[in-house]
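Residues per chain are reported as follows:
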Amino acid sequence: MEGLGQRTLSRQSFHTLNELNLNLGPKRMATLHLETSSEERIHWVLAAALSCTSLAFLVMMIVLVPFPQDLFVPNYSPSQLSPYDHLNMATSVIMMQITAPWASLMIVRSHSHCQRDMMILLALIWVAEMILAAAHILHFQGFAVDLDVPAVLAGILTVGLKLEDMLIHLLMDCKSVLYIDFRIGHLQRLLRWEFYTIIVLVVVTLCDATFETGMVLLILGSILSWIFLAGGLYFCVQLVHELGALARASEETNISNQLAKMSEVLRAISQVRSYKRIVSLHSVLKFFVVSHVLLLRGYMWPFPTNLTEMVYESWGMGFGVFLLIDSTAGSMLWYLGLMVGAMYLNGVQSIPATHARHQEEKLRVEKRTRQQKIYCTAKDQGWQEKVEDLAQRAVTLEALLKFYKGLGTDYMLNFNSSHHTTDDVVRQAIIPLSASEESDMSRILMKNRRVRPTAMVTHTWHSRFRDLVAAVVAEALEETHFVRIALLLDSDLTLVKRWLCKAEALQRTYWICAFCVNQHSSICCPTFDLVDSYSKEVVPACSCDCHKYLNTDPPCREDVEEPMSINCEMNKFSDMIAWLAATDSSFKQVLVVDSELELFSRAWCVAEIAEAYMMGMKQLLKIDSALTLQHRTEKLKAVRIEDMKASRPEDVEQILNRIPNKIEFNLQLQRLFGKLFGTFWHLHPSERLKMTCREIRWQLALKDEEVMDVSLDLESIDIEEKPAL
């Protein structure tokens, strides 16, 4: 909002050096002493309990069940304990030791829904192996009931159920971006029925292992088994079909291998095409393992119920036969495959990066909470009323797009979106349109309705107005870069509105100084000639009679010594943003980074960035394109507060005088800019998937090569791959 020209900082600005040191450096984190939440303590306790239990089972196996001397005997009686029983127990306990570290890591480092799903999957595998190991130990200690079958079956089915639930979540992430239904509701209903069937089937097998019921439970179990297999097969067919829609969408993008090498996101799209085959393979393996267990344990009537004994009698009791008929070997191999595949898809390298962002967000929330607690309104009632009035002048995205559509047709007929700046639009459109009412433009656009903003937009008036609108749209659509949206605003505004409508974002509200400040009470009648930045023609000055109020014009605020005009609308930014931040925890800041990075060279813009940062507001940086970021990296690294510029030299001096340690402030700016340099592979799977789907959406919607190739989402700003998903 640099274009307003005259403003003063509130007394709360740049309080102390300590508030500028809120960052994620290891030394800083050690000095801040972030409090551990009760939820985090529970996670650490669960991880410790899981690890200790795994070691306890290992000790029990060594102490209670001595390993036999002869492991691979050619024959033995099925009614006796065999070396193969020892092998089953050992593999179960070893699987617990393998799973425990990864499950513990995910328990204490899961901060997104996809990572929590991964945590639950690993925990379920661990629990399944623990139950199986416990059943083996009981068996070796003389417990008469054989619990192997219900334990193995419960583990396989529960883990498979969670994996299918994770795939549905994957489709939900895709739906939020691609706006393809994927019949998620239908899949969730099928999953619930599968869950109920699994519960009944496990109970039946448990009762059959515990009580002598003859053929009754075997036949009932067989009926349930066939129902489960048929229903599960139908669910998998439906799931694979819906994933096929995602695969077909990626195939329609026609990404060449050469183009895919240019972008990690495009390479991820090329890998989406193989995901359907991976899921199909999982379904086949799952049903093979489940059918194998049910068939050999007699739960597939009319097949023989004593099929295991028949195999023993025909082929003997060798190790190869054991592997063929054993119910635990197949499940263990399946678990290992799931663990390796899931950790690979999740991206191990994304776990520390996600945790670091979580710590940063936690720090921001704590800072925000502190600011909300210490916030107090101004003692001067007139000043506070003006602050609150100014803060509630937001415009909706729908109104902003409607205004943009009228440029060049209904007003400012010489408008050229590729050249005209925000300053041009203010002088030649906003001021003339609001001259008759001598009010802010937001009142006209919103038809006298005052609303609170969900975000404040920080930008420079020297950049293109089209970029400003595109950056706001990019925030609503959760896009990282806005150059393609800027081009789309001119070529297909209807498509932009359709995307926003599907994202339910048209009614989001934003505070943009050009619209929300009454220009007629401040800058509409300058003492110098105004010139169009593109045509170089002189722009007529406003002829309104509205009284002008600058920083020190009376009436002034009575509760401070320095003169601060109450009616001036250009000296209340700090108080306005403080009030909005204190009364709305979700209020955030959108930084519109122009192609020349001029935002970071304007003193007032940097002051706004620092103010919002110290108040704990979430800051979202929207940059022109990845190419701009790549070409301007060195310029960003050279940014210093001492080199900032402003319309008035005294403004720069005022800002510099309020910063106690300029070196530390410059370092803090670099930490903020560091968010621009995140890598695609360090995002958690859900973020990577959404970024990939956004690129698919662009590829499907646009055929114009100029629009397609200007910007590729190579980096992540908010955060916010070996495999694609």
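All values reported here derive from a predicted model rather than from experimental measurement.

Student: Report on the overall build of the protein, specifying residues and quantitative values.
Tutor: In terms of regular secondary structure, the protein is built from 31 helices and nine strands. The buried share of the protein, reckoned over its 725 residues, is 55%. Element-wise, carbon and sulfur atoms account for 59% of the exposed surface of the protein, whose accessible area totals about 31200 Å².

Student: Explain the sheet that holds strand β2 (residues 455-458) residue by residue, including any values.
Tutor: Taken in spatial order, the five strands line up as β1-β3-β2-β6-β7 in an open sheet, and their pairing is mixed. With one partner strand each, in any of the chains shown, β1 (395-396) and β7 (618-623) form the two edges of the open sheet.

Student: Tell me about the packing of helix α10 (residues 264-272) against helix α30 (residues 685-701), residues and numbers included.
Tutor: Packing of α10 against α30 leaves a shortest axis separation of 9 Å and a crossing angle of 90°. Considered as vectors, α10 and α30 are oriented roughly perpendicular to each other. Here α10 contributes Val265, Leu266, Ala268, Ile269 and Val272 to the contact with α30, which in turn contributes Met691, Thr692, Glu695, Ile696 and Gln699. Partitioning the contact of α10 with α30 into residue classes produces seven nonpolar, two polar and one charged.

Student: Requested: an account of a nonpolar patch on the surface, with residues and values cited.
Tutor: Judged by side-chain polarity, Trp193, Phe195, Tyr196, Ile199, Val200 and Val203 come together as a nonpolar surface patch covering roughly 610 Å² of accessible area. With respect to the helices and strands, valine 203 occurs in helix α7 (residues 184-210).

Student: Please give an account of unusual backbone geometry that cites residues and values.
Tutor: Across the junction of proline 554 and proline 555, the peptide omega takes the value 0°, indicating a cis bond. In this structure, lysine 447 is a non-glycine residue whose phi angle is positive, near 55°. Structurally, the position occupied by lysine 447 is in the loop between α19 (441-445) and β2. Relative accessible area serves as the criterion here: at 68%, lysine 447 is assigned to the exposed category. Phi angles above zero are rare outside glycine, and glutamate 478 is one such case at about 60°. Here glutamate 478 lies in the loop between α20 (465-476) and α21 (483-491). Judged by relative accessible area, glutamate 478 falls into the partly exposed class, the value being 46%.

Student: Explain the packing of aromatic side chains residue by residue, including any values.
Tutor: Evaluation of the coordinates by the stated rule reveals 10 aromatic pairs. With centroids separated by 6.1 Å and ring planes inclined at 85°, the aromatic side chains of tryptophan 193 and tyrosine 196 adopt a geometry described as edge-to-face. Linking tryptophan 193 with tyrosine 196, this pair stays in helix α7, spanning three residues, or about one helical turn. Residue class for tyrosine 196 comes out partly exposed when judged on its relative accessible area of 44%. Feature note: the residues Phe403, Tyr404, Tyr411, Phe415, Phe465 and Phe515 constitute an aromatic cluster, connected by ring pairs.

Student: Quick one: what's the story with the environment of valine 290, residue by residue and with numbers?
Tutor: Relative to the assigned elements, valine 290 resides in helix α11 (residues 275-296). A relative accessible area of 1% places valine 290 in the buried class. A sequence separation of 40 residues divides valine 290 from glycine 330, and the C-alpha atoms of the two residues are 9.1 Å apart. Each residue touching valine 290, except ones within four places of it in the same chain, is listed here: Leu153, Ile156, Leu157, Phe228 and Leu229.

Student: Give a description of the pairing of β7 that names residues and reports values.
Tutor: Within β7, five of the six residues are buried, leaving the element largely enclosed by the surrounding structure. Taken together, the six bridges between strand β6 (residues 588-593) and β7 define a ladder with parallel strand orientation. Considered in β7, the bridge of valine 590 is made with leucine 620. Chirality of the crossover, the property in question, places the unit of β6, helix α25 (residues 603-614) and β7 among those that are right-handed.

Student: How would you explain the pairing of β6 if you had to name every residue and give the values?
Tutor: Summarising burial for β6: six of the six residues are buried, a large majority. Alternating positions in β6 separate into two faces, Lys588, Val590 and Val592 on one and Gln589, Leu591 and Val593 on the other, with burial throughout. Looking at chain direction, β2 and β6 are connected through four bridges and run parallel. Looking across to β6, one finds that threonine 458 is bridged to leucine 591.

Student: Account for the UniProt feature "transmembrane region" (unreviewed entry) in the protein, with residues named and values stated.
Tutor: The UniProt feature table records "transmembrane region" (unreviewed entry) at residues 44-67, 87-108, 120-139, 151-172, 193-211, 217-240, 283-303 and 315-336. In this annotation, residues 87-108 is assigned 100% helix and 0% strand; the end-to-end C-alpha distance for the span is 32 Å. Secondary structure across residues 283-303 divides into 67% helix and 0% strand, with the first and last C-alpha atoms of the span separated by 23 Å.

Student: For helix α6 (residues 148-178), give the residues involved together with the corresponding values.
Tutor: In a regular helix each residue adds 1.5 Å, so 31 residues correspond to 45 Å; α6 covers 45 Å between its end C-alpha atoms and thus fits that length. Among the 31 residues that make up α6, 24 are buried, leaving the element largely enclosed by the rest of the structure. Positive backbone phi, at 60°, marks tyrosine 179, one or two positions downstream of α6.

Student: Give a description of the environment of alanine 471 that names residues and reports values.
Tutor: Looking at the secondary structure, you find alanine 471 in helix α20. Alanine 471 sits in the buried class, given a relative accessible area of 0%. Every residue in contact with alanine 471, bar those within four places of it in the chain, is listed here: Phe482, Val592 and Lys622.

The rules behind each value
- Residues numbered from 1 in each chain as written.
- Predicted model: local features only at pLDDT ≥ 70, side-chain atom pairs only at ≥ 80, totals over all residues.
- Heavy atoms only, no water.
- Helix = DSSP H or I, 4+ residues; strand = E, 2+ residues; numbered from the N terminus.
- Buried < 20%, exposed > 50% of the residue type's maximum accessible area, 1.4 Å probe, protein only.
- Areas by Shrake-Rupley, 256 points an atom, 1.4 Å probe, with all protein chains shown as cover.
- Pairing = 2+ DSSP bridges.
- Axes fitted to C-alpha atoms, helices over the stretch in contact; angles between N-to-C directions.
- Parallel < 35°, antiparallel > 145°, perpendicular 65-115°, else oblique.
- Contact = heavy atoms within 4.5 Å.
- Nonpolar A, V, L, I, M, F, W, Y, C, P; charged D, E, K, R; others polar.
- Patch = residues over 30% accessible without salt bridge, like charges linked within 9 Å, V, L, I, M, F, W, Y side chains within 5 Å.
- Salt bridge = Lys/Arg side-chain N within 4 Å of Asp/Glu carboxyl O.
- Phe/Tyr/Trp six-rings, centres within 6.5 Å; stacked < 30°, edge-to-face > 60°.
- Right-handed = clockwise from strand over helix to strand, strands pointing away.
- UniProt positions renumbered as here; feature names shortened; annotations may be inferred.
- Expected span 1.5 Å × (residues − 1).

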